[in-house]
Amino acid sequence: MRLSRYFLPVLKETPSEAQIASHRLMLRAGMIKQATAGIYSWLPLGFKILRKLENIVHEEQVRAGHIPMLMPTLQSADLWRESGRYDDYGAEMLRITDRHGRDMLYGPTNEELITDIFRSHVGSYKDLPLTLYHIQWKFRDEVRPRFGVMRGREFFMKDGYNFDLTKEDAIHAYNRHMVSYLRTYERMGLQAIPMRADSGPIGGDDTHEFLVLADTGESEVFYDSAITDLRLGERDVNYNNWDECAEIVKEWTTPYARTDETHDEAAFNAIPEERRKTSRGIEVGQIFYFGTKYSEPMGATVQGPDGKSVPVHMGSHGIGVSRLVGAIIEASHDDKGIIWPEGVTPYHAGIVNLKQGDAEADAACEAIYASLNAIGLEPLYDDRDERAGGKFATMDLIGLPWRITVGPRGLKNGVVELTSRRTGESEELPPEQAIEKLAQIYAGHVLRPSL
């Protein structure tokens with residue numbers, strides 16, 4: 001993409017309503033614009049990152065054997081009355097009446113709707129196990145929407161639902177989701193710690209939240225610092241292997257890690273003092289096992305091996321995709337702007353032409369631009385007729401991990417400058433070597449065309 005042809009409305013001043021870094025930087029970097037309280041338009045740069053995160057979530061869900069679909073944003077109130085949640089959910093639910101007087105709601109979650117789909121089409125244990133998921137816009141009418149996309153009213157979320165014959169089967173689904181989530185967050189450059197949590201209005205006794213440690217987090221968390229050393233890395237996980245998934249879950253849930261709602265002071269104090277840590281965390285996902293909470297009242301049953309009809313065991317599993325954009329920025333920024341991890345960056349490298357209009361500099365930039373595209377990398381070429389300082393400030397603000405700077409002086413020596421956004425370190429390399437180094441850096445990341 002050429003910056004002269006892109007829509008990137010960066011702001012020099014910080015809007016007064018922005019209270020935390022991610023909100024401030026998303027507004028300044030031209031990623032979002034508020035439409036009304038807690039609801040945002042996603043501008044091209046923000047939308048591109050949102051889609052990158054969505055693609056990673058899809059890839060890891062499919063890898064774990066889960067099946068994508070799409071459910072509507074509006075749901076019938078009758079289904080929620082059937083489950084008993086319509087009146088219990090509270091004022092966060094946006095209730096709507098259509099022109100025929102039918103009660104509707106803008107879905108905050110989809111347990112009822114997916115259960116209705118299941119009971120309409122599945123009747124035998126032979127069709128189990130089954131996990132369906134979608135990524136869709138949700139709405140919760142927050143009393144005080146704040147912090148930009150971190151606590152908005154409209155949000156983009158992946159929610160998945162497993163249907164299993166027995167509790168043991170459903171616990172494997174729970175474990176499978178935890179492992180797939182750990183891999184998902186690692187690919188995004190995040191360390192999201194699974195913490196024992198409260199189930200809230202979803203229900204059920206088994207639930208973990210995934211929290212990213214950050215000073216601006218709304219949840220107080222208590223944890224054993226040993227958990228921060230754990231990584232899945234390049235492990236090739238067999239999601240059909242119950243023992244393998246259970247072992248990974250045990251590895252991540254044995255060290256103490258809990259939110260304030262479930263904190264156990266005695267258990268926490270049993271940890272060696274130097275490993276006892278308290279912090280704040282940003283919730284970016286949660287998994288639940290809730291048994292037959294929805295299947296029993298809604299008649300979601302299957303015929304078991306003995307011919308008897310039994311309610312299925314269920315769980316639900318969410319990832320806040322739009323919230324993740326803010327969480328990544330909270331975890332990775334400095335006073336100049338955003339610092340995107342390589343796995344989620346909107347563009348893999350920025351190209352800065354120090355002297356637009358200079359024949360040699362223009363030609364070198366065009367050649368680098370073409371070469372990066374040819375190897376599957378997406379560059380953002382700042383070809384505007386602007387001062388070098390302004391170009392550098394824009395690149396720092398939007399946070400691309402790498403920048404190639406091209407100018408007449410360096411080209412006389414046959415080199416360009418390759419700069420790391422994270423460390424600020426630069427090195428002078430011939431253009432072809434700079435391109436080769438970027439190819440090596442991104443070799444470990446799945447490269448797919450994005451919007």
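All values derive from a computational prediction rather than experimental measurement.

Caption draft 1: The overall build of the protein chain, seen in detail. Each helix and strand in the protein chain was counted, giving 13 helices and 23 strands. Against the globule reference of 22 Å for 451 residues, the protein chain gives a C-alpha radius of gyration of 24 Å, in line with a compact fold. Referenced to the eigenvectors of the C-alpha coordinate spread, the extents of the protein chain come out at roughly 80 × 60 × 45 Å. With 451 residues in all, the protein chain has 53% of them scored as buried. Within the protein chain, counting contacts between residues at least 6 apart in sequence, those at least 24 apart form 72% of the total. Here the protein chain displays about 19,800 Å² of accessible surface, and carbon together with sulfur accounts for 47% of that area. Computing the positive centroid from 52 side-chain charges and the negative centroid from 68, the protein chain places the two 4 Å apart.

Caption draft 2: Region of the structure containing the pairing of strand E19 (residues 349-353). For E19, the buried fraction is high: five of the five residues fall into the buried class. Residues of E19 alternate between two faces, with Ala349, Ile351 and Asn353 on one and Gly350 and Val352 on the opposite face, all of them buried. In this sheet, strand E20 (residues 379-382) lies alongside E19 in parallel orientation, the contact comprising four bridges. Pairing of Ile351 across the sheet is with Tyr381, part of E20. This β-α-β element, E19 to helix H10 (residues 359-374) to E20, shows right-handed connectivity. In terms of strand pairing, E19 meets strand E21 (residues 402-406) through four bridges, oriented parallel.

Caption draft 3: View of the pattern of salt bridges. The full count for this structure, using the stated rule, is 26 salt bridges. A salt bridge links Asp78 to Arg81, with the nearest nitrogen and oxygen atoms 3.3 Å apart. In this pair, Asp78 and Arg81 both sit in helix H3 (residues 77-83), three residues apart, roughly one turn of the helix. Put simply, Arg196 and Asp206 hold a salt bridge, and the shortest N to O gap is 4.0 Å. With Arg196 in strand E9 (residues 192-196) and Asp206 in strand E10 (residues 206-213), this residue pair connects regions lying ten residues apart in the sequence. Look at Asp206 and you get partly exposed, because its relative accessible area is 23%. It is possible to trace a salt-bridge network through shared partners that takes in Glu59, Glu60, Arg63, Arg183 and Arg187.

Caption draft 4: Spotlight on empty space enclosed by the protein. Counted under the stated rule, the structure contains one cavity of 30 Å³ or more. Considering only enclosed or pocket space, the largest cavity measures out at about 60 Å³ in volume. Forming the boundary of the largest cavity are Gly38, Ile39, Tyr40, Trp42, Trp137, Val149, Gly152, Glu154, Phe155 and Ser322. Of all the elements in the fold, those that place two or more residues in the lining of the largest cavity are strand E2 (39-42) and strand E8 (154-164). With three residues, E2 is the single largest residue contributor to the lining of the largest cavity. Of the residues in the lining of the largest cavity, the class split is six nonpolar, three polar and one charged.

Caption draft 5: Up close: the side chain of Glu209. Note on placement: Glu209 falls in strand E10. For the buried residue Glu209, which engages in no salt bridge, the nearest side chain bearing the opposite charge is Arg323, 7.7 Å off. The residues touching Glu209, leaving out its near neighbours within four places in the chain, are Ile193, Pro194, Met195, Ala197, Asp198, Thr259, Glu283, Gly285 and Gln286.

Caption draft 6: Region of interest: the layout of surface pockets. Considered as a void within the structure, the largest pocket measures approximately 1,000 Å³ in volume. Residue lining of the largest pocket: 45 residues in total, with Arg140, Arg151, Glu283, Gln286 and Arg323 positioned closest to the centre. In terms of residue count, the dominant contributor to the lining of the largest pocket is strand E13 (residues 276-291) (seven residues). Tallied by class, the residues present in the lining of the largest pocket amount to 15 nonpolar, 15 polar and 15 charged.

Caption draft 7: Quick peek at the sheet that holds E21. Read from one edge of the open sheet, five strands run E20-E19-E21-E22-E23, paired in mixed fashion. The open sheet is flanked by E20 and strand E23 (426-429), the only strands paired with a single partner. When the angles between neighbouring strand axes are averaged without regard to direction, this sheet yields 20 degrees. Bridging between E21 and strand E22 (residues 416-420) involves four bridges; their strand directions are antiparallel. Bridging from a neighbouring strand, Trp402 pairs with Ser420 of E22.

Caption draft 8: Layout of the packing of helix H1 (residues 21-28) against helix H9 (residues 321-331). Between H1 and H9, the shortest axis-to-axis distance is 8 Å and the interhelical angle comes to 105 degrees. The orientation of H1 relative to H9 falls into the category roughly perpendicular. Here Ala21, Ser22, Leu25 and Met26 of H1 come into contact with H9, specifically with Val325, Gly326, Ile329 and Glu330. Looking at the contact of H1 with H9 residue by residue, the classes come out as five nonpolar, two polar and one charged.

Caption draft 9: Fine view of the nonpolar core. Met31, Leu53, Tyr185, Phe210, Val284, Val325 and Trp340 are the most contacted members of the largest nonpolar core, which has 75 residues in total. By residue number, the principal contributor to this core is helix H5 (residues 167-187), which donates seven residues. Leave out the neighbours within four places in its chain, and Met31 touches Met26, Ser41, Trp42, Leu43, Leu45, Gly46, Ile49, Val325, Ile329, Ile338 and Trp340. Within the second largest apolar cluster, 25 residues are counted, among which are Trp80, Tyr161, Phe163 and Met314.

Caption draft 10: Looking closely at the packing of aromatic side chains. Scanning the model with the defined rule gives twelve aromatic pairs in all. Between the aromatic rings of Trp137 and Phe156, the centroid separation amounts to 4.7 Å while the plane-to-plane angle is 35 degrees, which identifies the pairing as tilted. Of this pair, Trp137 sits in strand E7 (residues 130-139) while Phe156 sits in strand E8; the two residues are 19 residues apart in sequence, bridging distant segments of the chain. On the basis of relative accessibility, which here comes to 24%, the residue Trp137 falls in the partly exposed class.

Caption draft 11: Expanded view of the sheet that holds strand E4 (residues 74-76). Taken in spatial order, the three strands line up as E4-E6-E5 in an open sheet, and their pairing is antiparallel. For this open sheet the edge positions go to E4 and strand E5 (94-97), each flanked by a neighbour on one side alone. Pairwise comparison of adjacent strand axes, ignoring direction, gives a mean angle of 35 degrees for this sheet. In the sheet, E5 pairs with strand E6 (residues 103-106) via four bridges, with the strands oriented antiparallel. Across the sheet, Leu94 pairs through a bridge with Tyr106, a residue of E6.

About the cut-offs
- Residues numbered from 1 in each chain as written.
- Predicted model: local features only at pLDDT ≥ 70, side-chain atom pairs only at ≥ 80, totals over all residues.
- Heavy atoms only, no water.
- Helix = DSSP H or I, 4+ residues; strand = E, 2+ residues; numbered from the N terminus.
- Rg over C-alpha atoms; globule rule 2.2 N^0.38 Å.
- Buried < 20%, exposed > 50% of the residue type's maximum accessible area, 1.4 Å probe, protein only.
- Contact = heavy atoms within 4.5 Å.
- Areas by Shrake-Rupley, 256 points an atom, 1.4 Å probe, with all protein chains shown as cover.
- Lys, Arg positive; Asp, Glu negative; His and termini not counted.
- Charge placed at Lys NZ, Arg CZ, Asp CG, Glu CD.
- Pairing = 2+ DSSP bridges.
- Right-handed = clockwise from strand over helix to strand, strands pointing away.
- Salt bridge = Lys/Arg side-chain N within 4 Å of Asp/Glu carboxyl O.
- 1 Å grid on protein atoms, 1.4 Å probe; cavity = no way out; pocket = protein on both sides within 12 Å on 5 of 7 lines; lining within 4 Å.
- Points joined across faces, edges and corners; volume = space filled by probe spheres on them.
- Nonpolar A, V, L, I, M, F, W, Y, C, P; charged D, E, K, R; others polar.
- Axes fitted to C-alpha atoms, helices over the stretch in contact; angles between N-to-C directions.
- Parallel < 35°, antiparallel > 145°, perpendicular 65-115°, else oblique.
- Core = buried A, V, L, I, M, F, W, Y, C linked by side-chain atoms within 4.5 Å.
- Phe/Tyr/Trp six-rings, centres within 6.5 Å; stacked < 30°, edge-to-face > 60°.

So far we have only geometry, and geometry alone does not tell us how the molecule works.
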